[in-house]
Amino acid sequence: MLSQTIINGLLLGGLYATASIGFSMVWGVMGVINLAHGGFIMIGAYVSYWAFSHFGLDPFFAIPLSMAVLFVLGYFLQAVFVNRVMRTSLLLSLILTFGIDMILINIVVLVFSSDFRSVNTGYSGSSLQIAGTLVPYVRLATFVFALALASAFYLFLRRTRAGQAILATALDKEIARLMAINPNRVYALTFAFGAALAGAAGALASMLFPISPSMGKEFIGAVFVITVLGGIGSIEGCVLAGLLYGLVQAFTSLVLGVNYQNVVAFAVFLTILILRPRGLLGQRFFGEIS
Amino acid sequence: MACLLYCATAGAAPGENTLKIGAAVSLSGKFAREGEFLKEGYDFWKDAANAAGGIDIGGQKYKVEIVYNDDESDAQTSARLTEKLITEDKVNFLFGPYSSGIATATAAISEKYNVLTMVPMATADSIYQRGYRFVFCPSPLASTGLLPVLELIESLPSKPGTIAIVGPDSLFPNITAEAARKKAEQMGLKVVYTAKYPQSTPDLSSVVTALKSAAPEVVLATGYTQDSLLLVKSMRELQVNPKLIGLAMSIAVPDFRDSLGPVANQIMGVDYWVPTLTYTGHVVKDSTTYASQYKAKYSKDPTYQAASGTAGGIILQMALEQARSTDPKLVREALLKLNGETFYGKVEFNDRGVNTAAKLNVTQIQEGRPTVVFPVEVREKPVQYPKDAWK
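This one's a predicted model, so the numbers in the text were calculated from it and none came from an experiment.

When its secondary structure is counted, chain A shows 11 helices and 2 strands. Reading the secondary structure of chain A in the N-to-C direction produces α-α-α-α-β-β-α-α-α-α-α-α-α. Relative to its length of 290 residues, chain A is compact, with a C-alpha radius of gyration of 19 Å against a globular reference of 19 Å.

So, on to the domain arrangement of chain B. Residues and elements named next belong to chain B. What the domain assignment lists for chain B is domain 1 (17-140 + 275-348) and domain 2 (144-271 + 361-378). A straight line from the C-alpha centre of domain 1 to that of domain 2 covers 30 Å. Listed as interface residues are 8 residues of domain 1 and, on the opposing side, 9 residues of domain 2. When its residues are assigned to classes, the side of domain 1 that touches domain 2 shows 4 nonpolar, 3 polar and 1 charged.

Now for the sheet that holds strand 7 (residues 162-168) of chain B. Residues and elements named next belong to chain B. One open sheet accounts for 7 strands, arranged 8-7-9-10-11-14-15; its pairing is mixed. Strands at the two margins of the open sheet, each flanked by one partner only, are strand 8 (190-197) and strand 15 (369-374). Neighbouring strand axes in the sheet, compared pairwise and without regard to direction, differ in orientation by 25 degrees on average. Across 7 bridges, strand 7 lies against strand 8 in parallel orientation. By the bridge assignment, Pro 168 is partnered in strand 8 with Tyr 197.

Attention now moves to the sheet that holds strand 5 (residues 117-118) of chain B. Residue and element names in this part refer to chain B. Across the sheet, which stays open at both edges, the 6 strands sit in the order 2-3-1-4-5-6 with mixed pairing between neighbours. On the outer flanks of this sheet lie strand 2 (55-57) and strand 6 (135-136), each paired with one strand and no other. In this structure, strand 1 (residues 17-25) lies alongside strand 3 (residues 60-70), joined through 9 bridges in parallel fashion. Note that in strand 3 the partner of Lys 20 across the bridge is Glu 65. Contacting strand 1, strand 3 and strand 4 (93-95), helix 2 (residues 75-87) runs over the sheet at an angle of about 165 degrees to strand 1.

Moving on, we get to the nonpolar core. Counting residues in hydrophobic clusters, the biggest one holds 221 residues, and the most contacted among them are Ile 226 and Tyr 245 of chain A together with Ala 23 of chain B. Per-element tally for this core: the top contributor is helix 8 (residues 183-205) of chain A, with 16 residues. Viewed by domain, this core spans two of them, domain 1 (17-140 + 275-348) and domain 2 (144-271 + 361-378) of chain B, each represented by three or more residues. Those residues in contact with Tyr 245 of chain A, other than ones at most four positions away along the chain, are Gly 13, Tyr 16, Ala 222, Val 225, Ile 226, Leu 229 and Ala 265 of chain A.

Both strand 1 of chain B and strand 4 of chain B contribute to a ladder of 3 bridges, which runs parallel. Within the sheet, the bridge partner assigned to Gly 22 of chain B lies in strand 4 of chain B and is Leu 94 of chain B.

The subject of this paragraph is the environment of Asp 115 of chain A. Residue and element names in this part refer to chain A. Mapped onto the secondary structure, Asp 115 falls in the loop between helix 4 (90-112) and strand 1 (127-130). Asp 115 gets classed as partly exposed once you count the C-beta atoms within 10 Å, which come to 17. Expressed as a C-alpha distance, the spacing of Asp 115 and Ser 212, which sit 97 residues apart in the sequence, is 6.7 Å.

What follows deals with the packing of helix 1 (residues 2-30) of chain A against helix 10 (residues 235-255) of chain A. Residues and elements named next belong to chain A. Packing of helix 1 against helix 10 leaves a shortest axis separation of 7 Å and a crossing angle of 140 degrees. Between helix 1 and helix 10 lies a crossing whose hand is right-handed. Taken together, the residues of the contact of helix 1 with helix 10 break down into 15 nonpolar, 10 polar and no charged.

Attention now moves to the environment of Ala 319 of chain B. All names here are of chain B. Turning to its location among the elements, Ala 319 is positioned in helix 10 (residues 304-323). Of the residues examined, Ala 319 has 24 C-beta atoms within 10 Å and is grouped as buried. Taking the C-alpha atoms as reference points, Ala 319 and Leu 330, 11 residues apart in sequence, are found 9.0 Å from one another. When residues no more than four places from it in sequence are discounted, the contact partners of Ala 319 are Val 331, Ala 334, Leu 335 and Leu 338.

What counts as what
Residues numbered from 1 in each chain as written. Chains lettered and ligands numbered in written order. Predicted model: local features only at pLDDT ≥ 70, side-chain atom pairs only at ≥ 80, totals over all residues. Helix = DSSP H or I, 4+ residues; strand = E, 2+ residues; numbered from the N terminus. Rg over C-alpha atoms; globule rule 2.2 N^0.38 Å. Domains from an automatic or database assignment. Contact = placed C-beta atoms within 7 Å. Nonpolar A, V, L, I, M, F, W, Y, C, P; charged D, E, K, R; others polar. Pairing = 2+ DSSP bridges. Axes fitted to C-alpha atoms, helices over the stretch in contact; angles between N-to-C directions. Core = buried A, V, L, I, M, F, W, Y, C linked by C-beta atoms within 7 Å. Buried ≥ 20, exposed ≤ 12 C-beta atoms within 10 Å, placed from the backbone. Left-handed = near helix turned anticlockwise from the far one by under 90°.

Now the structure itself:
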């Protein structure tokens, strides 16, 4: 049972990590705490569901589709709405993104109704047997994909010009301007990528969890904890924190019982914040709100 | 934001008698879906009664009028609206809201004014243990939630020996789980594992991993639709194969079945009402008739919430006809003496307003169709036991 617990924790942690990267980047680069992130995850899941039920498209192939849809949505929302409140106060961006989240949820209720949906592929329930431990195929594939996406985004940020523009703007907006980087474009791009990653996480989640308009709300708590735990703006931090979060929850369930999952996870979170406020792998300039 | 819905139905012509019934139900908020079903059930009865010329009370014909207010799925709002319906709208009787939590608040108000309330969708036992005299519920109570499944297990030729009970940590599921655990122990079953998980948990693999190592022959779950879906999917992923899976709530919900597809086969649960029940009664002949008339009227299939609303109206009508008066005390006495049947089930109230003859039935999904398998007198097909392993 111990090895099964470890596997359960790691596999789920990988998914949570991907769900958190977008949120973390937006917070680190733009200083915006995007409460609509849960809504983006939910829409990613619905895109995957829609593609699966209408075209029989396997959810793994729906990931690029979800990412594309959310990229466009994210870019639009940032350029038209979020940009206007970014320079004012943190509270306003919280309220705005909260409002966007509510609008997204209610649109989905109108279009899809609040009935629960599920994506059941042929391989949905099957598992790989390794020495008495069952590794469900879907969870394993989700885990691998999640880490691949995290790595790809990390490389994007470090190796491409657009990615480096994002990092530069986060470090110092004024100097970045001097380097012919348009901050508004960068912010829109960052938000769009954040949304796209949320969409990918949603598409992956559609295979594991029941899909409903309010499913994003269950993620946002974990996403918050993982972001701050890993260090705001740090992708490696998100991955590490995500895996840690998954493991802590799984072990707590084993040792203390399922009700204590959240209590212990948040206790660990608070402890690390007290001992190391910038998170596990965070750097000091990300997370400062200018 | 607050939207009080006044839905005064057909105005009475001068000289006609009107029976005014108030109903504070959830038309917005988290119970909007269920509240809407309940309202449609109440309206179905009202239209059927009025189409037959109204209710006969002591030789006089009364037209039924229902005044609806939206309680926004909030207990305080519902209590306030109930008071308003009694004191300002001067209703004769009340139809209860959806959910025990809200009904607990409104019952206190209606009791204060001695206004009789028929509340088919508030089944927490605690409401009926407070000595209220004017609250009546035709549906079976929460504590009986999983008992029919246990009775079915008792009737099996080769009984299973071990059982696990899991569910969210919430009022209704806790009541159901506790009652089921007591009965299982009485029956001699060994309870090898119980778990209470946080209601909106996104992942149940830890619970299912523990289930796997406990290896019970029967798994009973008291969860809502979302977590029951998650539980079943996780059990399949981790290859947990009990001989029987019984659910307290979700089996009645169509999207539970539709989401799972063939995976849902042979899972069973309790149901307040299905269209294939064979009880017969007044105003609505039987469940098949109800289902087809409801579908013709509202273009969708009826749910148990709607059926319970209609049944509540029918039972009130039966009592009014017996009492030959609209005096709540006389109607109360008539209700206590009532011993009959509606399409929804048998009726016999005790002095706390609990319908002791109400029985949940066990529905099993066979080939994608929910099929009544217990009690034997009203079943469609025999139960499929033991359950096949997940494919």
